[in-house]
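# Chains, contacts and geometry: an overview
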Amino acid sequence: MKCPYCGEDNTRVIDSRPAEENSAIRRRRQCDACRRRFTTYEKVETLPLFVIKKDNTRESYSRSKIEKGILSACHKRPVSAAQINQLIDEIEARIFSMEEKEIRSSVIGELVMEKLKSLDEVAYVRFASVYREFKDVNTFLQELEKIYRK
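About the cut-offs
Residues numbered from 1 in each chain as written. Predicted model: local features only at pLDDT ≥ 70, side-chain atom pairs only at ≥ 80, totals over all residues. Heavy atoms only, no water. Helix = DSSP H or I, 4+ residues; strand = E, 2+ residues; numbered from the N terminus. Rg over C-alpha atoms; globule rule 2.2 N^0.38 Å. Buried < 20%, exposed > 50% of the residue type's maximum accessible area, 1.4 Å probe, protein only. 1 Å grid on protein atoms, 1.4 Å probe; cavity = no way out; pocket = protein on both sides within 12 Å on 5 of 7 lines; lining within 4 Å. Points joined across faces, edges and corners; volume = space filled by probe spheres on them. Core = buried A, V, L, I, M, F, W, Y, C linked by side-chain atoms within 4.5 Å. Contact = heavy atoms within 4.5 Å. Polar contact = N/O pair within 3.5 Å; in protein donor to acceptor, adjacent residues only side chain to side chain. Phe/Tyr/Trp six-rings, centres within 6.5 Å; stacked < 30°, edge-to-face > 60°. Lys NZ or Arg CZ within 6 Å of the ring centre and 35° of its normal. Expected span 1.5 Å × (residues − 1). Axes fitted to C-alpha atoms, helices over the stretch in contact; angles between N-to-C directions. Parallel < 35°, antiparallel > 145°, perpendicular 65-115°, else oblique. Left-handed = near helix turned anticlockwise from the far one by under 90°.

### Things to note about the overall build of the protein chain
Per the secondary structure count, the protein chain includes five helices and six strands. Against the 2.2 N^0.38 benchmark of 15 Å for 150 residues, the protein chain shows a C-alpha radius of gyration of 20 Å, more extended than a compact globule. Taking the principal axes of the C-alpha coordinates as reference, the protein chain spans close to 65 × 35 × 25 Å. Looking at the protein chain as a whole, 29% of its 150 residues qualify as buried.

This is the structure we're talking about:
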């Protein structure tokens with residue numbers, strides 16, 4: 001591993017421990033040349049995953065797209081960054097556990113809504129209104145009624 005401070009190739013691992021609920025390894029390293037310390041993370045590389053969109057076009061899976069949608073839905077809500085990251089990690093775990101090379105965007109959208117519903121109902125309705133493309137107030141009210149019926 002190259003030192004991010006001086007570019008030296010010789011670094012040594014000082015400490016290793018599990019991270020992200022045992023799905024990664026956190027390594028503390030020290031450069032032999034400049035003696036500075038830095039942290040690296042090692043994660044299992046997953047198979048490439050393609051998302052089939054509504055118009056049947058395909059694009060590479062992007063965690064940041066899910067994160068952007070969830071962040072928008074949770075804007076000004078009492079939801080912490082840690083809760084959002086955990087939510088995304090859970091969604092990704094479900095997606096990758098399917099062991100598919102392609103997944104429909106609708107499947108991802110439903111997973112996001114399922115998780116948001118249990119985290120914050122306002123964020124859920126916000127996400128659903130964009131995802132399901134609510135056409136009018138009646139559609140919005142129907143979704144709210146579903147929440148109250150539970």
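Next comes the rest of the write-up.
### Quick look at the layout of surface pockets
Leftover empty space is mapped by rolling, across the atoms, a probe with the size of a water molecule. Quantified by volume, the largest pocket comes out at close to 720 Å³. Around the largest pocket sit 24 residues that line it, and Lys65, Ser105, Gly109, Phe127 and Tyr131 are the ones nearest its centre. Elements that contribute at least two residues to the lining of the largest pocket include exactly β5 (58–60), α1 (63–73), α3 (105–119) and α4 (121–131). Sort the elements by how many residues they give to the lining of the largest pocket and α1 lands first, with seven residues. For the second largest pocket, the calculated volume is near 480 Å³.

### Side note on the nonpolar core
One recurring pattern in soluble globular proteins: nonpolar side chains tend to sit buried together. The biggest cluster of nonpolar side chains holds 27 residues, and the ones touching the most others in it are Ile66, Ile70, Ile91, Ile95, Ile108, Val112 and Leu116. Those elements that provide at least two residues to this core are α1, α2 (81–97), α3 and α4. In terms of residue count, α4 provides more of this core than any other element does, six residues in total. If we ignore the near neighbours within four places in the chain, the residues touching Ile66 are Tyr61, Ile88, Ile91, Ile95, Ile108 and Val112.

### Considerations on α4
Along α4, the residues that are buried comprise Ala123, Tyr124, Val125, Phe127, Ala128 and Tyr131. The N-capping residue of α4, defined by a side-chain oxygen 3.2 Å from the backbone nitrogen of Val122, is Asp120.

### Re the packing of aromatic side chains
A complete count under the given rule lists one aromatic pair for this structure. Each ring, one from Tyr61 and one from Phe96, has its centre 5.6 Å from the other, and the planes form 80 degrees; the classification is edge-to-face. With a gap of 35 residues between them, Tyr61 in the loop between β5 and α1 and Phe96 in helix α2 connect regions that are remote in the sequence. Under the relative-accessibility criterion, Phe96 is labelled partly exposed at 27%. Residue placement shows Arg36 over the ring face of Tyr5; its charged tip is 3.8 Å from the ring centre.

### Concerning α3
Here α3 is 15 residues long and its end C-alpha atoms lie 21 Å apart, about the 21 Å a rise of 1.5 Å per residue gives. For α3, every residue scored as buried is listed here: Ile108, Gly109, Leu111, Val112, Met113, Lys115 and Leu116. On its buried face, α3 sits against β4 (50–52), α1, α2, β6 (102–104) and α4.

### Some points on the packing of α2 against α3
For any two helices packed against each other, the geometry is given by the interaxial angle and the distance between the axes. Across the interface, α2 lies against α3 with an axial gap of 10 Å and an inter-helix angle of 140 degrees. By the angle between their axes, α2 is oblique relative to α3. Of the two elements, α2 crosses α3, and the hand of that crossing is right-handed. For the pair formed by α2 and α3, the contact residues are Gln83, Leu87, Glu90, Ile91, Arg94 and Ile95 on the first element and Ile108, Leu111, Val112, Glu114, Lys115, Leu116 and Leu119 on the second.

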